[in-house]
Each structure stands twice: as C-alpha cells, then as structure tokens.
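Descriptive analysis of the structure
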Amino acid sequence: MRCRESPATRRTLYEAVPAAATHRPHVRRDRLLAGLHGFTSSFPDATLRSHVVDLPWGRDAPDAGAAARREGRVNTPPQPIAARRIDLPWLASRAAARAHTLLGEPNRALFAELVRAAFKHTDHNSVAGALWSLLAPFAMLSALYLVFRERFGEELRAYPLFLLLGIALVSYFATVTRRLIAILFANRALLLNTTVPRETVILSQVAFHGYKLLVEMVLCTLLAVYYGTLTWHGMLAMVPLVMGFLALVTGVGMLGAVLFSFARDVEHIWTLVTHLLMFVTPVFYGLESLSAPARFIIYWLNPLTPFLVALRGALIGPPAGPGVYVHAMLVGATVLVVGYAAFLTAESAAMERT
Amino acid sequence: MSVAAVRIENVAKRFMIPHTQRTTLRVLRALIRREPLRHELWALENVNLSIAPGERVALVGRNGCGKTTLLRLLSGILEPTHGTITLASPPRALFTTTIGFSTELSVADNVFLFGAIHGLVRRKLAPRQDEIIARAGITHLTHALLKDLSMGQVQRLALSVFAESDERFLVFDEVLGHVDRGFTRTTDVYFRALARSGRTLVMTSHDPAFLGAYCERAIWIDAGRVRLDGPFDDVMRAYETSFDDDPPLLQAKANGAAPGTDKLPRPSLV
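Rules of the game
- Residues numbered from 1 in each chain as written.
- Chains lettered and ligands numbered in written order.
- Predicted model: local features only at pLDDT ≥ 70, side-chain atom pairs only at ≥ 80, totals over all residues.
- Heavy atoms only, no water.
- Helix = DSSP H or I, 4+ residues; strand = E, 2+ residues; numbered from the N terminus.
- Buried < 20%, exposed > 50% of the residue type's maximum accessible area, 1.4 Å probe, protein only.
- Contact = heavy atoms within 4.5 Å.
- Areas by Shrake-Rupley, 256 points an atom, 1.4 Å probe, with all protein chains shown as cover.
- Patch = residues over 30% accessible without salt bridge, like charges linked within 9 Å, V, L, I, M, F, W, Y side chains within 5 Å.
- Salt bridge = Lys/Arg side-chain N within 4 Å of Asp/Glu carboxyl O.
- Lys, Arg positive; Asp, Glu negative; His and termini not counted.
- Charge placed at Lys NZ, Arg CZ, Asp CG, Glu CD.
- pLDDT = per-residue confidence, 0-100.
- Pairing = 2+ DSSP bridges.
- Expected span 1.5 Å × (residues − 1).
- Arc of directions from axis to C-beta.
- Polar contact = N/O pair within 3.5 Å; in protein donor to acceptor, adjacent residues only side chain to side chain.
- Axes fitted to C-alpha atoms, helices over the stretch in contact; angles between N-to-C directions.
- Parallel < 35°, antiparallel > 145°, perpendicular 65-115°, else oblique.
- Nonpolar A, V, L, I, M, F, W, Y, C, P; charged D, E, K, R; others polar.

Some remarks on the overall build of chain B
Within chain B, the secondary structure is distributed over 10 helices and 9 strands. Burial status across chain B gives 55% buried among its 270 residues. Expressed as a percentage of contacts within chain B between residues at least 6 apart in sequence, the contacts between residues at least 24 apart total 67%. Summed over its atoms, the accessible surface of chain B is roughly 12,200 Å², and 53% of this surface lies on carbon and sulfur atoms.

Regarding the environment of K212 of chain A
Residues and elements named next belong to chain A. Within the secondary structure, K212 is located in helix α10 (residues 198-227). Counting along the chain gives 106 residues from K212 to P106, while the straight-line C-alpha distance between them is 26 Å. Other than its neighbours up to four places away in sequence, K212 contacts S133 and L134.

Side note on a negative patch on the surface
Taken together, the side chains of E150, E154, E155 and E288 of chain A define an acidic patch exposed on the protein surface. Position of E154 of chain A among the secondary structure elements: in the loop between α6 (135-153) and α7 (159-181).

Considering the confidence of the model for chain B
Residue and element names in this part refer to chain B. Per-residue pLDDT for chain B has a mean of 86; in total, 89% of the residues score no lower than 70. Element-level mean pLDDT values for chain B span from 56 in helix α10 (residues 249-254) up to 96 in helix α3 (residues 107-117). Low pLDDT, under 50, characterises residues 258-270; the predicted model gives this stretch 12 contacts beyond four residues in sequence or across chains. The ipTM for the predicted assembly is 0.85, set against a pTM of 0.80.

Remarks on the pairing of strand β1 (residues 6-18) of chain B
For a regular strand, the rule is simple: side chains alternate between the two faces of the sheet. Examined bridge by bridge, β1 of chain B and strand β2 (residues 38-51) of chain B share 10 bridges and lie antiparallel to one another. Residue pairing across strands places R14 of chain B opposite W42 of chain B, the latter belonging to β2 of chain B.

Considering helix α3 (residues 88-103) of chain A
Residue and element names in this part refer to chain A. Between the first and last C-alpha of α3 there are 22 Å, a value that for 16 residues agrees with the 22 Å anticipated at 1.5 Å per step. Of all the positions in α3, only W90, L91, R94, R98 and L102 are classed as buried. The buried residues of α3 occupy an angular sector of 100° when the element is viewed end-on, so they sit on one face. Within α3, the exposed residues directed more than 90 degrees away from the buried face are L88, P89, H100 and L103. Against α4 (105-122), α10 and α15 (322-353) lie the buried residues of α3. Its side-chain oxygen at 3.1 Å from the backbone nitrogen of W90, D87 defines the N-terminal cap of α3.

So, the packing of α3 of chain A against α15 of chain A
All names here are of chain A. It is the contact of α3 with α15, at a shortest axis distance of 10 Å, that shows an interaxial angle of 85°. Of the possible angle classes, the one that applies to α3 and α15 is roughly perpendicular. Residues W90, L91, R94, A95 and R98 of α3 touch α15, and the partners they reach there are Y340, A341, L344, T345, E347 and S348. Among the residues forming the contact of α3 with α15, the class breakdown is 6 nonpolar, 2 polar and 3 charged.

Things to note about unusual backbone geometry
Geometrically, the link from G317 of chain A to P318 of chain A is a cis peptide bond, its omega value of -5° lying close to zero. With respect to the helices and strands, the residue P318 of chain A is situated in the loop between α14 (304-315) and α15. With phi around 50°, A158 of chain A is a residue other than glycine that occupies positive phi space. For A158 of chain A, the location among the structural elements is in the loop between α6 and α7. Phi angles above zero are rare outside glycine, and R34 of chain B is one such case at about 55°.

Here's the deal with the confidence of the model for chain A
All names here are of chain A. Confidence in the prediction for chain A averages 78 pLDDT; 74% of positions are at 70 or higher. The weakest mean pLDDT in chain A belongs to helix α1 (residues 25-40) at 37; the strongest belongs to α14 at 96. Confidence over residues 4-83 falls short of pLDDT 50; this stretch has 145 contacts with residues more than four positions distant or in other chains.

Re the sheet that holds strand β8 (residues 217-222) of chain B
Residues and elements named next belong to chain B. In space, the 6 strands of this open sheet follow the order β5-β6-β7-β3-β8-β9, with mixed pairing throughout. The open sheet has two edge strands, β5 (92-94) and β9 (225-231), and neither has a second partner. Neighbouring strand axes in the sheet, compared pairwise and without regard to direction, differ in orientation by 15° on average. Relative to strand β7 (residues 200-204), strand β3 (residues 56-60) runs parallel, the two being bridged by 4 bridges. Within the sheet, the bridge partner assigned to L59 lies in β7 and is T204. The strands touched by helix α6 (residues 151-162) within the sheet are β5 and β6 (169-173), with β5 carrying the most contacts at an inclination of about 170°. Contacting β3, β8 and β9, helix α9 (residues 232-241) crosses the sheet at an angle of about 135° to β9.

Okay, structure coming up:
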C-alpha cells in the first residue's frame with residue numbers, strides 16, 4: 001500500500017470518490033445503504049443488523065465554491081450554503097427518529113441514572129435532604145396564609161389547600177423552567193463530548209424536580225381528605241392535568257433553552273417573569289375577586305391559570321367545566337409541540353453557540 | 001470494492017462565531033440594522049474518506065485542525081453543514097475521560113453513571129463492578145467521592161468502564177493524557193485486544209508511539225482538510241517533517257526576540 005499525495009487537492013483517498021458523485025449524494029447513499037444492509041447481515045451479532053444508520057444530514061445544497069477551493073486555497077470559505085428547509089415532514093421524521101432513540105433501553109437506563117445522580121447529588125443522598133428542599137413551599141404557605149387569611153380566607157373554601165396547590169404549581173414551573181433555560185450551557189461539556197441525547201438531560205431534570213411536585217400533590221390530596229372535598233372523579237382528573245402541566249413545563253424549558261443560546265440575558269428576563277408569576281397567577285386570590293378585564297387577562301394569557309383552576313376544581317370543588325380541562329390540555333400539548341419543534345430545529349445551532 | 005464501515009462524502013462543518021456577548025437588545029439591534037452578529041469559521045472543508053470494517057485509523061494533525069470536530073460528526077454529536085456521513089453501525093465514542101462523572105458521587109456510583117452515559121446499562125455493569133474498579137487500580141477508593149481522586153485515577157476509571165463496551169466501532173479522542181506508565185501497560189493490553197478483535201477503531205493522539213502501536217492507517221488533517229491519507233508510517237513521517245519549518249517560538253522568546261521582530265516589547269510596570 002502506497003501513500004499518494006495529490007498536488008491539486010493535497011489529499012489522498014484510499015478510494016477516490018468520483019467527482020460526479022458528489023453532486024448526487026442521495027443516489028450514492030441509497031446504493032451504499034443497500035450494500036450496507038447486506039454487509040451488516042453477515043455480522044455474527046444480530047443486533048447490528050438494525051444499525052444501518054443514515055444520519056439525517058443530507059439536506060445540503062450544491063457547493064458552488066468547491067472547485068475553486070480544490071485549487072489549494074485552504075482557508076477560503078465555501079460559497080454560502082442554502083438554509084436547510086424546515087418543514088413538517090422533516091420535523092416529524094426527526095422527532096420519530098429521536099423517539100426511537102429515547103425509548104430504547106440504553107436511554108431509559110441513562111435517564112434513570114441521571115435522575116438517581118441528581119437525587120444523590122442535590123439532597124446529599126438522605127431523606128432529610130429531600131425534606132429540606134420541601135421547606136421553601138411550606139414557608140411560603142405559612143407566610144401567605146398569615147397575610148391573606150383575613151382578606152381571602154373567609155370567602156375561599158379550604159384556603160390552606162387552595163394556597164398549597166397554587167404554590168406547588170408556580171414554584172415547580174419557576175424552578176424547572178429556570179433550570180432548563182440554561183441546561184445546554186450548564187451541560188455543554190457533557191453534550192459535546194458524549195452521545196447523550198439532549199432530550200434525556202432535559203427530561204431527567206423535569207423528572208428529578210417532579211418528585212417534589214409529586215410529594216406536594218400527595219399532601220394536597222391528604223388535605224382534601226381532611227377537608228372532605230376529595231372525590232374519585234377529582235383524583236382521576238388530577239392525573240391528566242399533572243401530565244399536561246409537565247408537558248407545559250417541558251415545552252417552555254425547551255423553547256427557553258434555544259432562546260438562551262442566542263441571547264444570554266433571556267435567563268435574567270425569565271427570572272423576573274417567574275418572580276411575577278406568583279402575583280399574576282391566582283395563587284392567593286380567586287379569579288372571582290378580580291375585575292372582568294383582569295380576569296380575562298390572567299385566565300387567557302397566563303398558561304398556568306387553567307391548570308390551577310382545573311386542579312382546584314378537582315380537589316376542592318366545585319368541579320371546573322369541561323372547557324377548562326380542554327383549555328389546560330390544549331395549552332400543555334401545544335406548548336410542548338411548539339417547544340420541541342423549536343428545539344429540534346435549532347438545537348444544533350444552539351449547542352454550538354452555548 | 002468492499003463496503004465501508006464509515007463513508008464521509010464532501011463533508012464540511014461551519015461554526016458561527018459570535019462577535020460579542022449576545023443580549024436581547026444587541027440581537028434586536030443587529031436584526032433591525034441588518035448587521036452580522038457573527039462570522040463563519042470553517043472547521044472542516046470538503047472531507048471525503050472511507051473506513052473499511054475492522055480498520056484501525058489514526059487521525060493526526062495540529063491543534064485546532066479539526067480532528068475532534070470530525071470525530072464529533074462521526075459520533076452524531078454535531079451535524080455537518082454540508083455533505084453526508086454513512087455509518088454501518090453507530091460508534092461508541094470516548095472523548096474527554098473526565099466528563100460523564102459526578103464529583104459528588106462515590107466511585108461505585110460513578111461506574112454506573114459513566115457507564116450509562118456511554119451506553120452501558122446497570123444490569124450489565126453491576127455484576128462486574130468490582131472487577132471494573134479493580135482494573136482501574138482503585139479498589140481501596142470504592143466508596144470515596146470522585147472529587148477525592150486524582151485526575152489520573154479518574155481517567156483510569158473512565159477507561160476501565162469504557163472497556164466494557166462491545167460496540168463494533170469505537171472512537172477515542174486523546175484518552176491517555178494523564179495516566180502513569182503503570183496504567184499505560186494495562187491500557188496497552190486493552191488496545192491490543194481491540195486491535196485484534198476486528199473492530200473498527202478511530203483514534204486521535206499527539207503521541208505517535210501510542211497511535212503507531214495500534215493503527216495501520218493514518219489520516220493527516222490540516223486546516224480542516226484531509227492533507228494525507230495512507231499507511232501509518234508514511235503519513236507520520238510526512239506529518240513530523242511538517243514541523244521542521246515551524247519558527248522556534250519559545251526559543252526565540254527565550255533569546256529575547258519574537259519571530260518576525262527584532263525585540264520583544266519591554267513589559268510595563270504601570
């Protein structure tokens with residue numbers, strides 16, 4: 001085997017790629033894939049047969065400057081490359097490929113390890129550590145109850161439960177979205193040096209903080225039993241509502257993670273917004289106590305409100321109308337779809353910019 | 001023509017380098033004034049190569065030439081701006097060996113965490129946990145926090161866990177930076193076994209002896225392009241020769257002069 005150096009290109013290939021082939025990469029790729037299927041089927045390990053990977057990056061434009069660059073001007077940039085066309089089929093195929101990866105056993109195991117590591121790391125691997133992290137919502141509950149009991153406590157049924165539901169939802173939303181916005185930046189080394197799916201890191205954070213939400217929901221249920229407001233219908237309604245709420249949080253976090261990579265002060269702006277959420281969400285007051293325009297704004301422009309209204313209806317009563325449930329689920333699903341579409345579209349650029 | 005384990009066709013990678021720290025106002029102002037916020041940096045250009053199954057390939061080149069970018073493209077971590085990459089099987093990649101651990105967890109816990117990050121499930125690692133830690137030579141530190149280990153010990157642990165991987169295609173990027181000679185012998189056994197196993201290997205290192213021990217082919221990347229591709233010894237000879245023309249910067253500085261200038265600027269005490 002001899003080493004050859006081409007004077008024109010200053011590079012040598014074992015197998016020269018015909019020049020014409022570079023203009024029809026998809027045709028060549030199809031042929032190669034057909035060959036690879038035959039090749040991998042000869043592997044003794046049967047699991048490799050399904051591992052013919054055609055990375056979904058072939059959406060390239062012809063490079064008009066390639067010929068000029070072959071002349072040897074090493075640092076001459078290529079001609080501008082046409083922007084990748086982002087359309088619904090592309091997004092759908094990409095999301096389907098990711099779903100396949102995310103649902104695979106190695107990724108499920110990775111998800112469990114990341115959540116486990118976060119537990120051990122954050123709460124010092126102790127029950128007391130976990131209890132400490134629940135102290136903040138209860139401190140907030142005590143403060144709000146003492147301040148607003150006289151003003152709202154008389155007219156609102158089961159006011160401590162009313163407060164705890166609001167605090168649990170708003171604090172979970174604020175904590176997790178703040179964490180997710182900077183997640184690509186905080187995990188840059190991991191995401192650039194391993195093949196860990198980015199979604200797994202995001203979902204592990206949602207799940208890790210989810211246990212606090214879960215504990216608070218259990219406490220809310222116990223309080224509902226104490227006040228005699230719990231019904232089976234209410235308990236069943238809680239499950240899809242919490243799932244929809246998690247979808248909302250994940251979608252907002254993904255959208256924020258992409259935005260953060262383009263403008264760093266998004267994190268500060270979002271911190272300000274989440275502080276305001278405690279006041280623009282009906283945490284310690286009821287929607288009925290607001291004027292009609294304020295009620296309209298807070299119900300329709302704050303995505304947390306329909307979840308809170310529906311959950312309070314489920315646990316405290318009277319049950320919210322079906323429109324509120326539909327509204328909440330639509331908000332959760334829409335924000336997740338929009339956030340994930342934005343994430344899939346911009347994640348690579350975002351990762352490189354962080 | 002044999003079917004390739006890896007085929008890279010006309011691949012280019014562009015990074016967009018921001019001019020300044022980006023804030024919302026700066027982004028909005030630039031959009032309104034149609035000013036560029038960033039400039040292009042082509043890390044790889046027009047890369048075409050093919051790696052046969054079972055081939056052991058060394059990627060060599062100077063700092064910043066695009067070796068790691070190429071490996072990240074191969075591993076699916078980055079996406080090429082242009083061109084196609086076709087793989088027979090997805091590679092298992094080991095880049096920086098200190099990433100994938102949690103410093104606040106014990107060595108025993110980190111075996112599972114690092115393993116999961118590299119595609120090894122707990123069910124598979126649990127029966128071999130003691131052996132993995134023993135192979136790294138840190139049995140006495142099993143319950144110590146990772147932050148109490150030296151860099152070399154962490155690297156030993158990383159390699160010891162990664163050795164459990166049974167993928168057909170492995171990628172190593174500068175993985176033996178801090179380990180001592182004793183552990184180098186252990187890794188030598190591992191890499192020789194890998195070389196004999198018929199798996200496809202792509203490795204980078206700035207240590208020609210390390211690469212030469214396991215690789216039969218070398219690809220020299222220079223300024224984002226494949227400069228030379230061929231038998232290991234031939235490529236390395238050409239690569240080593242390329243350093244002969246380098247200005248002896250440190251020597252010039254030691255003598256009081258920078259290359260291209262008569263004298264170094266005198267440092268100010270103000």
